[in-house]
Amino acid sequence: MTPVLAVAPAEAEEKQWTSNREVTLDRLRIVAMMHEGWPQCRLCGQTVYRLDKLGLCSKVSDAHREWRGDPVPRKKKAGVR
């Protein structure tokens, strides 16, 4: 038996990608429909699977930590000792 190697057809040509606004908007509509009814963070508005007990997403930014009541270290100004 002789091994069979996969060979690309000679007539195959690579298509140049071009943006298509209609297709993009159609896909974004589908994503929006899938996320319809999902909870959103009270602070940043991000759509998530679930929220914590304060209605926030899982981000740990300073603003989110402040809303949760976690201690947020104050940033020092550059050059100040």
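Below: a short report on this structure. (Residues numbered from 1 in each chain as written. Predicted model: local features only at pLDDT ≥ 70, side-chain atom pairs only at ≥ 80, totals over all residues. Heavy atoms only, no water.)

What about the side chain of histidine 64?
Part 1 of the argument: When you line up the elements, histidine 64 lands in helix H2 (residues 62-68).
Part 2 of the argument: In contact with histidine 64, not counting residues within four places along its chain, are Cys41, Leu43, Cys44, Leu56, Cys57 and Lys59. (Helix = DSSP H or I, 4+ residues; strand = E, 2+ residues; numbered from the N terminus. Contact = heavy atoms within 4.5 Å.)

Quick notes on the packing of aromatic side chains
Part 1 of the argument: One pass over the structure, following the stated rule, counts one aromatic pair.
Part 2 of the argument: Aromatic side chains tryptophan 38 and tyrosine 49 sit 5.0 Å apart centroid to centroid with 35° between the ring planes, which places their arrangement in the tilted category. On the criterion of sequence distance, the pair formed by tryptophan 38 in the loop between helix H1 (21-34) and H2 and tyrosine 49 in the loop between H1 and H2 is long-range, its members being eleven residues apart.
Part 3 of the argument: Under the relative-accessibility criterion, tryptophan 38 is labelled partly exposed at 33%.
Part 4 of the argument: Since its relative accessible area comes to 70%, tyrosine 49 is described here as exposed. (Phe/Tyr/Trp six-rings, centres within 6.5 Å; stacked < 30°, edge-to-face > 60°. Buried < 20%, exposed > 50% of the residue type's maximum accessible area, 1.4 Å probe, protein only.)

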